[in-house]
Amino acid sequence: MTKKPFIISPFMPISTQISVDGPRSSALSAKINYESTAERLSIKESEGSESDSDEESAISDEEQAVPFLKSALHTVSALSSRQLLSISMLSLANLCSTIAFSCIAPFYPAEAKLKNLSETQTGIVFGIFEFTMFIISPLFGKYIIFIGARTMFIVGIAVTGVTAILFGFLNFLPSGNTFFWFSVLVRILEAVGDAAFVTSSFAIAAKSFPKNVAFVVGILETFAGLGYTAGPVIGGFFYDIGGFQLPFLVLGIVLLVASVLAFFLIENTKDDESNPEDKGMLEILRLPQIWLPIFSVVSCAISLSFLDPTLSNHLESFKLTPTEIGLMFLLCGGFYTVMCPVFGAIMDRLHNGENLLLFGSIATLLSMFFIGPTPLLNGYVEKDLWVIGISLAVLGLAASALYIPCFQMCLDEVK
């Protein structure tokens, strides 16, 4: 049998390999170095457990013709209660992963200023989280077959919970470099735990639901988007109620409880050995056409994440509470979450990725001009809360247009 090329998903912090040979539906549903026979699943498929792996990973033309909502309801109804609990556990993990990153956005910059941190140092505290995940996630993906997906998932949640609680007590440290370096250290440890359980959650999903990988991964990504959207609001709300410690205590306790639940809900699995002949990331990066969607993903990430350390300070002149600042973040993340399935449907129907990227780039440019507003508009546009709010909503819409088409574009180029 001819070896299939593999591509690493640019959208999720996992380094496992996804087969792209064959039709798109089977590419998205293909195993991630996992066998799909019923005996190797951690959670038994309720139907079709005796069918072979090709039948499990393929989706018929008739199934593709079913409307999305009806198909989704049918998929959910076919799952057992144990499977639903497992999906809930994985979804909670992805929700908490982005909340852990984004919840500090409304209030940490103000606290950092009180601790005599510069804007650059505050940005480092935010950025080090995603940078650590960028470095660590491929390592976890490589060694997950030795560590075990279940072990990595449980330990990762527990580590993230403990470090989240520790972060809540950093404001008792002296101002200046001591506060800064301990903030960076705790965020690094938190990101390591976050990378572990997010990476393993997608591996568990691919192994446990070989017939519904696209559906389950879509659910996980939705909850990740919700966490990014709701994180600032949740953080600002608890900060208003109980100060600096409360948001981190709540998040940490939820994560520790989740680690205990995962111990009972996630079953042990025998992980497959990797194939040394499989093609990995370097083979993909040699394709010149692949760099446009990669650049789009990077641009999308920058356009969203740079607001985290800067927006709350930018809104100081409006005298907003942390909860209200969180709602401003919600405009961007909310429109992003809502528009992702819309642009996904457009991409599936029209396959017009280049047009979506062009639209997203122009919309991002315009939104950035008015969030400031840029000095180029001095005398024409004043700094106004309504203008900033509308611009944040447009930025969320633009980010989804930049982000959603890229995976399919990468798959098409690889095939």
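Looking at an unreviewed UniProt entry, one finds the protein named Major facilitator superfamily (MFS) profile domain-containing protein and attributed to Caenorhabditis elegans. Quoted verbatim from the Subcellular location (unreviewed entry) heading of the UniProt record, the comment on the protein is "Membrane".

Novice: Just checking my understanding: could you explain the overall build of the protein for this structure?
Specialist: If you tally the helices and strands in the protein, you get 18 helices and two strands. Residue pairs in contact within the protein that sit at least 24 positions apart in sequence constitute 82% of those at least 6 positions apart. Only carbon and sulfur atoms are counted for the fraction: they give 68% of the accessible area of the protein, which is about 19400 Å².

Novice: Is there a simple way to think about the nonpolar core in this case?
Specialist: With 82 residues, the main nonpolar core has Ile104, Tyr108, Phe153, Phe167, Leu251 and Leu392 as its most contacted residues. Among the elements that take part in this core, helix H9 (residues 177-208) stands out by supplying 13 residues, more than any other. Once residues lying within four places of it in the same chain are set aside, the contact partners of phenylalanine 153 are Met89, Leu90, Ala93, Phe197, Ser200, Ser201, Ile204, Ala262 and Ile266.

Novice: Explain the side chain of threonine 122 to me, please; I cannot follow it from the model alone.
Specialist: Relative to the helices and strands, threonine 122 resides in helix H7 (residues 119-147). Those residues in contact with threonine 122 that sit more than four places away from it in its chain are Tyr108, Pro109, Ala112, Leu117 and Pro309.

Novice: What am I meant to see in the environment of phenylalanine 182 here?
Specialist: Position of phenylalanine 182 among the secondary structure elements: in helix H9. Considering only alpha carbons, one finds phenylalanine 182 and leucine 170, 12 residues apart in sequence, at a separation of 7.4 Å. With residues near it in sequence (within four places) discarded, phenylalanine 182 still touches Leu170 and Leu173.

Novice: Explain unusual backbone geometry here, please?
Specialist: With the exception of glycine, the majority of residues adopt a negative phi angle, and the majority of peptide bonds are in the trans configuration. For the peptide bond that leads from glycine 372 to proline 373, omega is -5 degrees, which places it in the cis range. Unusually for a residue other than glycine, asparagine 116 sits at a positive phi of about 65 degrees. With respect to the helices and strands, asparagine 116 occurs in the loop between helix H6 (108-114) and H7. In this structure, lysine 319 takes a positive phi of about 55 degrees despite not being glycine. Mapped onto the elements, lysine 319 comes out in the loop between helix H14 (311-314) and helix H15 (322-350).

Novice: How should the packing of aromatic side chains be read in this particular structure?
Specialist: What characterises a pair of aromatic rings is the spacing of the ring centres plus the angle enclosed by the ring planes. With the rule as written, the count across this model stands at 15 aromatic pairs. On the numbers, 4.6 Å between centres and 5 degrees between planes, the contact of phenylalanine 107 with tyrosine 239 is stacked. Within this pair, whereas phenylalanine 107 is found in the loop between helix H5 (81-102) and H6, its partner tyrosine 239 is found in helix H10 (residues 213-242), the two being separated by 132 residues in sequence. Aromatic pair phenylalanine 169 and phenylalanine 172: ring centres 6.2 Å apart, planes at 25 degrees, arrangement stacked. Given a relative accessible area of 40%, phenylalanine 169 falls into the partly exposed group. Classification of phenylalanine 172 as exposed rests on a relative accessible area of 61%. Among the aromatic residues, ring-to-ring pairing joins Phe107, Tyr108, Phe126, Phe167, Phe179, Tyr239, Phe244 and Phe248 into one connected group.

Novice: What's the story with H7 in this structure? I'm lost.
Specialist: Because the α-helix completes a turn every 3.6 residues, residues three or four places apart line up on one side. With 29 residues, H7 extends 39 Å from end C-alpha to end C-alpha; this agrees with the ideal 42 Å at 1.5 Å per step. In H7, a bend of some 40 degrees at glycine 141 exceeds every other bend along the element. Remark: glycine 148 follows H7 within two positions and exhibits a positive phi of approximately 100 degrees.

Novice: Would you take a moment to explain empty space enclosed by the protein for this structure?
Specialist: Empty space among the atoms becomes apparent when a probe as large as a water molecule is rolled across them. In the structure shown here, the tally under the stated rule is three cavities of 30 Å³ or more. Taken as a whole, the largest cavity spans an internal volume of roughly 60 Å³. Every residue along the wall of the largest cavity is listed here: Tyr228, Pro232, Leu304, Leu307, Asp308, Phe329, Cys332 and Gly333. Among the elements of the structure, H10 and H15 are those that each provide at least two residues to the lining of the largest cavity.

Novice: Would you mind showing me how to read the pattern of salt bridges here?
Specialist: Should the charged atoms of two oppositely charged side chains come close, the side chains can pair. By the definition in use, this model includes two salt bridges. Residues glutamate 316 and lysine 113 are paired through a salt bridge, measuring 3.4 Å at the closest nitrogen-oxygen approach. Of this pair, glutamate 316 sits in the loop between H14 and H15 while lysine 113 sits in helix H6; the two residues are 203 residues apart in sequence, bridging distant segments of the chain. Lysine 113 sits in the partly exposed class, given a relative accessible area of 41%. A salt bridge links glutamate 190 to arginine 187; the nearest nitrogen and oxygen atoms lie 3.8 Å apart. Of the two residues, glutamate 190 and arginine 187 are both situated in helix H9; the distance of three residues between them amounts to about one turn of the helix. In this structure, glutamate 190 and arginine 187 share a single accessibility class: buried.

Novice: In this structure, what is going on with a nonpolar patch on the surface? I would like to understand it.
Specialist: Taken together, Leu139, Tyr143, Phe146 and Ile147 make up a surface patch of nonpolar side chains, about 420 Å² in accessible area. Following the sequence through the fold, tyrosine 143 ends up in helix H7.

Novice: How do you make sense of the packing of H7 against H9 when you look at a structure like this?
Specialist: Relative placement of two packed helices is described by the angle separating their axes and the distance separating the axes. Two numbers describe how H7 lies on H9: the axes approach to 7 Å, and their chain directions differ by 35 degrees. As for how H7 packs across H9, the hand of that crossing is right-handed. The class makeup of the residues in the contact of H7 with H9 is 17 nonpolar, eight polar and three charged.

Novice: Would you mind showing me how to read the confidence of the model for the protein here?
Specialist: Low-confidence regions, as indicated by low pLDDT, have predicted coordinates that should not be scrutinised in detail. Overall, the predicted model of the protein reaches an average pLDDT of 76, with 75% of residues at or above 70. Taking the mean pLDDT of every element in the protein, the minimum, 36, falls on strand S1 (residues 6-7) and the maximum, 91, on helix H8 (residues 149-167). Low confidence marks residues 1-66, where pLDDT is under 50. Its contacts with residues over four positions away, or in another chain, come to 144 contacts.

Novice: I tried to follow the side chain of threonine 160 on my own but got confused; where do I start?
Specialist: Mapped onto the elements of the fold, threonine 160 is located in helix H8. Threonine 160 sits in the buried class, given a relative accessible area of 0%. Within the structure, threonine 160 has its side chain in polar contact with the backbone nitrogen of aspartate 194 (distance 3.0 Å). Dropping the residues within four chain positions of it, threonine 160 is found in contact with Ala100, Glu190, Gly193, Asp194, Phe197 and Leu255.

Cut-offs applied
- Residues numbered from 1 in each chain as written.
- Predicted model: local features only at pLDDT ≥ 70, side-chain atom pairs only at ≥ 80, totals over all residues.
- Heavy atoms only, no water.
- UniProt positions renumbered as here; feature names shortened; annotations may be inferred.
- Helix = DSSP H or I, 4+ residues; strand = E, 2+ residues; numbered from the N terminus.
- Contact = heavy atoms within 4.5 Å.
- Areas by Shrake-Rupley, 256 points an atom, 1.4 Å probe, with all protein chains shown as cover.
- Core = buried A, V, L, I, M, F, W, Y, C linked by side-chain atoms within 4.5 Å.
- Buried < 20%, exposed > 50% of the residue type's maximum accessible area, 1.4 Å probe, protein only.
- Phe/Tyr/Trp six-rings, centres within 6.5 Å; stacked < 30°, edge-to-face > 60°.
- Expected span 1.5 Å × (residues − 1).
- Bend = angle between axes of the 7 residues up to and from the residue.
- 1 Å grid on protein atoms, 1.4 Å probe; cavity = no way out; pocket = protein on both sides within 12 Å on 5 of 7 lines; lining within 4 Å.
- Points joined across faces, edges and corners; volume = space filled by probe spheres on them.
- Salt bridge = Lys/Arg side-chain N within 4 Å of Asp/Glu carboxyl O.
- Patch = residues over 30% accessible without salt bridge, like charges linked within 9 Å, V, L, I, M, F, W, Y side chains within 5 Å.
- Axes fitted to C-alpha atoms, helices over the stretch in contact; angles between N-to-C directions.
- Left-handed = near helix turned anticlockwise from the far one by under 90°.
- Nonpolar A, V, L, I, M, F, W, Y, C, P; charged D, E, K, R; others polar.
- pLDDT = per-residue confidence, 0-100.
- Polar contact = N/O pair within 3.5 Å; in protein donor to acceptor, adjacent residues only side chain to side chain.

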